[in-house]
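Coordinate analysis (summary)
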Amino acid sequence: MNDVKTSTGGNKPYIRVDNLKKYFHTKRGLLHAVDDVSFTIQKGETLGLVGESGCGKSTLGRCLIRLLETTAGSVVLHDEKAGTDTDVTKVSSSVMKELRKKVQIVFQDPYSCLNPRLSVWELIAEPLIVNDVFANKNDMRARIRELMNTVGLAERLENSYPHELDGGRRQRIGIARSLALNPEFIVLDEPVSALDVCIQAQILNLLNDLQKEFHYTYVFISHNLSVVKHVSDRIAVMYLGKIVELSNYKELFVKPTHPYTQALLSAIPVAKLDVQKERIILEGDVPSPINPPNGCRFMGRCRYCQEICRKETPDLKEVLPDHFVACHLTPVI
Amino acid sequence: MSNVADTIHDAGTAYVRKKKRGALAEVLFRLRKSPLAMFGLCVILLLIFVAIFADLLAPYPYQKQNLAHMFETPSKQFLLGTDEFGRDILSRLIYGARISLQVGFIAVGIALVVGGMLGAVAGYYSGWIDNGIMRVMDVLLSIPQTLLAIAIAAALGPGLFNLMIAVGISAVPNYARIVRGSVLSIREMEFIEAARAVGSSDLRIILKHIIPNSMAPIIVQSTLGVASAILNAAGLSFIGLGIQPPYPEWGAMLSGGRQYIRDYPHLTLYPGLVIMFTILALNFLGDGLRDALDPKLKR
Amino acid sequence: MDANTQNNLLLEIQDLTIQYITDAGTVHAVENLNLHLGHGETLGFVGETGAGKTTTALGIMRLIPSPPGVVKSGKIIFEGQNLLEKSEPEMRAIRGGKIAMIFQDPMTSLNPVMTVDKQIAEMIKLHKNVGEAESLKLAGDMLELVGIRRERMHDYPHQFSGGMKQRVVIAIALACDPGLLIADEPTTALDVTIQAQVLELMKKLKQQFDASMILITHDLGIVADICDKVAIMYAGRVVEYADKRALYSNPVHPYTIGLFNSVPDLDDDKEALNVIPGLMPDPMDLPAGCTFHPRCTCAAEQCSKTKPAMIDVGNGHFAACPIRAKALGAA
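Residues numbered from 1 in each chain as written. Chains lettered and ligands numbered in written order. Predicted model: local features only at pLDDT ≥ 70, side-chain atom pairs only at ≥ 80, totals over all residues.

Our next topic: the interface of chain A and chain C. Across the contact, 31 residues belong to chain A and 35 residues belong to chain C. Top element by residues in the side of chain A that touches chain C is helix H6 (residues 197–214) of chain A. It accounts for 8 residues. Residues belonging to the side of chain A that touches chain C are distributed by class as follows: 16 nonpolar, 9 polar and 6 charged. (Contact = placed C-beta atoms within 7 Å. Helix = DSSP H or I, 4+ residues; strand = E, 2+ residues; numbered from the N terminus. Nonpolar A, V, L, I, M, F, W, Y, C, P; charged D, E, K, R; others polar.)

The following block contains the structure:
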């Protein structure tokens, strides 16, 4: 069993994920999208989740807020004020409706995540209406104005439709929707991947400012390591449904320990000249997550692969304080 | 803060504050841009007006026979001439609009409600319910629609109401398929998930997100469907399974005149022209609506 | 420009202006663009969505969809001949033969119902005088060259992964040994580790084939990796054009500087990124003067009035910003 603890003292983590699994039935077999993943998230921190397409990071993000039903495992949300623990994956739908106010998501594609028939105003009002937050129309109006202001949408845009706006503004609408109910925890699923660098920087700054102001806890999902590094406190690297390395953001970049993390880091193109770094070019493609074989998921592309890697699936072990790696050969590498 | 930047600098992009317009007004506004669609709409509105005020507009009662004026060609007295019983063709066409439009709209209404419900259920719940419903629809689709309508009409017997049912039921599979298709594609859209993420109930998701977004193809299909329903009803009346004499239905008039087509072509010409123009108008309107209903094509 | 580079010139674009004329207005996609590319050089074309990068590339290939696209003015001189004066049959021989293009999305740029060897062979047959058997053999060679085993040559595109498909696309592009390769965001649709593979391959093959390349990208990291020269585009104009070394060590145009600042730095720990305020202007309604002036921190009064010319700030480093050029002591 993966025993993941953080050494932040006796404080109970805000979110504790234990042995989370999400399998999909497909025609070709069982797709292991998320396979036995355990980790914790502290209140107010940003956990970065990186990996290539198909590694299960988005599925994991959706499981955390129960937009997908999990196959096994638990996601326990700790309420500090009430001192209660709630397992998000098992609560009834009425409890979940209450919980939805606390856990929110921002989607990747600002083009498809907004109903094209609703205006900006209606889009931001939706969470408020659905949850009967305001009895009074004027209060709601004030709140929507406030939200638009918070995310930097000019008031005159309120009757515009999403397709009339650019990607950055649409993503601001998505963010405003997720903030409307005063959440504690927000899953950011590739929120800037569809945007140009300049707009991306604006949105990253906005997310950063919002966290400072409202103390949100973020899970930031992205395939872009430089972006993840910029926003995260800790980073989890995923490969084929498993977390292969989890550590403080600085340490991950200074001392990447899992061979996959090393390759991933070396593959990022850096916008600088004369960067001295070893290029590790991985052979082949990510294998299929349908009925994966035993052993380390990375073995087929790993340059260190040994006998043991083919037989046993490595557990996520704490190799350094607060630095977890799932590799049999950690001490060797 | 970064967000302020957006509000202050709007480099070159002139987003003007828009007035809120109702959905219907918006569609009409955009429909105005297409002359063909506007022509279609005008023709349909005119026909509806004629149908409603048939009593006032028609120069003669539709069943009034005048054996002294049989087979008369158009004249001042009878603008479009008379038929084999000396009945005024114009009056019969005017009253016929009543029946034909009724048949068209009500038959499509039946098809839309039944087919729409079946399609929505199949699309939303998928799995075996979907399979069951759609296989039955596939079987019905494999029978030519006119043949199916003939079979149903023959089983129910002639009459206006039975005609509507026959034409309506025979069109059900088309609507079921279209509704299911659009529900299926919209159900997978990310904004449905986004709505669920903020706590929307299933009912709200269906009413607020799925239905409005799947309306466009359904409305378009319905307009075109009215045309084919009128045509179908005309066909059934033509072979004697629809409206019975002396009720003036366009198809029935066409059928009545066919014996005399060599000597008195105007008996078939005018009902034929009216049917053609009505269907053309409905098709133009349908095409225009398809564009007008797509919010992305705005301006 | 000295005589040496003049002789070495493969492609020269002079004053190219491309517009899309639509009912809603005229889109100024490319305006007065000047560029030159030497033999064996790799030019990076950097800019945001809608900056006119792809339009320029399509312009060189004479593939601008028309209507609505119109080449208003300019010359595209390739190997000493103006491509804009070529007839359509002449152009067809050049496309794929002398100038090849790699598109962004490998999923859609291959024909799904044709095996990959046939797709490569088709290209070879079009431009070289060889028979069916010979062209298929050459196709197999090309596949091996891009790192796909010969056994797989009879497979269909859907049997390959995204990275492999892009390799096939590269094989098609290089099949006729073109002098110029235009790659439009060739790795944007790929994952980082696959991107690294493909970039490595392109670098290797470019040398092997001794081709020049125009690489269109929005990623300054990729440019740093494989380009020799860089052109930064903003709202249809090239705002800075220089040797890679000069541009990265000493960016001149305020937009270029802003672009560099917008990229999160892996080695640096910064709370907030320095963003360029505002948005790209609407290409139908470009601001007068310098198109960047409404967002520019060092804009002066003249910027909103006169269109800035490209100014040499030293050693072939051009920037379209008189204010910055003055500050640097040039012009």
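Residue and element names in this part refer to chain C. Here we have 4 strands laid out as an open sheet, ordered E2-E1-E4-E5, and antiparallel in their pairing. The sheet is open, and its two edges are formed by strand E2 (25–38) and strand E5 (81–82), each paired on a single side. Pairing of strand E4 (residues 69–78) with E5, which is carried by 2 bridges, proceeds in the antiparallel orientation. Among the inter-strand pairings, Phe78 is bridged to a residue of E5, identified as Gln81. (Pairing = 2+ DSSP bridges.)

Residues and elements named next belong to chain C. With respect to the secondary-structure elements, Ile148 resides in the loop between helix H5 (132–145) and helix H6 (162–174). Considered as a pair, Ile148 and Arg167 are 19 residues apart in the sequence and their alpha carbons are 7.9 Å apart. If we ignore the near neighbours within four places in the chain, the residues touching Ile148 are Leu143, Met164, Arg167 and Val168.

What follows is about the packing of H6 of chain C against helix H7 (residues 192–209) of chain C. Residues and elements named next belong to chain C. Running from N to C, H6 and H7 point in directions that differ by 15°, and their axes come no closer than 10 Å. Relative to H7, H6 is oriented roughly parallel. Read as a crossing pair, H6 and H7 show a hand that is right-handed. In this structure, H6 uses Gly162, Gly163, Gln166, Arg167, Ile170 and Leu174 to contact H7, whose residues at the interface are Ile194, Gln197, Val198, Leu201, Met202, Leu205 and Phe209. Classifying every residue of the contact of H6 with H7 gives 8 nonpolar, 4 polar and 1 charged. (Axes fitted to C-alpha atoms, helices over the stretch in contact; angles between N-to-C directions. Parallel < 35°, antiparallel > 145°, perpendicular 65-115°, else oblique. Left-handed = near helix turned anticlockwise from the far one by under 90°.)

This next bit is on the packing of H6 of chain A against helix H10 (residues 254–262) of chain C. The geometry of a pair of packed helices is captured by two quantities: the angle between their axes and the separation between those axes. With their axes 9 Å apart at the nearest point, H6 of chain A and H10 of chain C run at an angle of 50° to one another. Taken as axis vectors, H6 of chain A and H10 of chain C run oblique relative to one another. Where H6 of chain A crosses over H10 of chain C, the two elements pack in a sense that is left-handed. Counting all contacts with H6 of chain A, which are made through Val197, Cys198, Gln200 and Ala201 of chain A, the residues of H10 of chain C involved are Gly258, Leu259 and Ser262 of chain C. Of the residues assigned to the contact of H6 of chain A with H10 of chain C, the class counts are 4 nonpolar, 3 polar and no charged.

A separate point is the pairing of strand E3 (residues 42–46) of chain C. All names here are of chain C. In terms of burial, E3 is largely enclosed, as 5 of its 5 residues are buried. Residues of E3 alternate between two faces, with Thr42, Gly44 and Val46 on one and Leu43 and Phe45 on the opposite face, all of them buried. Bridge count for E3 against strand E8 (residues 212–217) is 5 bridges, and the pairing is parallel. Bridging from a neighbouring strand, Val46 pairs with Thr217 of E8. Sheet topology places E3 next to strand E9 (residues 229–234); 4 bridges connect them, and they run parallel. Across the sheet, residue Gly44 finds its bridge partner in E9, namely Val230. (Buried ≥ 20, exposed ≤ 12 C-beta atoms within 10 Å, placed from the backbone.)

For the rest of this paragraph, the subject is the sheet that holds strand E3 (residues 46–50) of chain A. Residue and element names in this part refer to chain A. Taken together, the 8 strands give an open sheet; going across it, the order is E6-E7-E8-E3-E9-E10-E12-E11, and neighbouring strands pair in mixed fashion. Each end of this open sheet is capped by a strand with a single partner; those strands are strand E6 (103–106) and strand E11 (317–320). Within this sheet the neighbouring strands show an average axis-to-axis angle of 25°, counted without direction. Pairing of E3 with strand E9 (residues 234–239) involves 4 bridges; the strand directions are parallel. When the sheet's bridge partners are listed, Leu49 is paired in E9 with Ala236. Helix H5 (residues 167–179) rests against E6 and strand E7 (185–189) of the sheet, and its axis sits at about 175° to E6.

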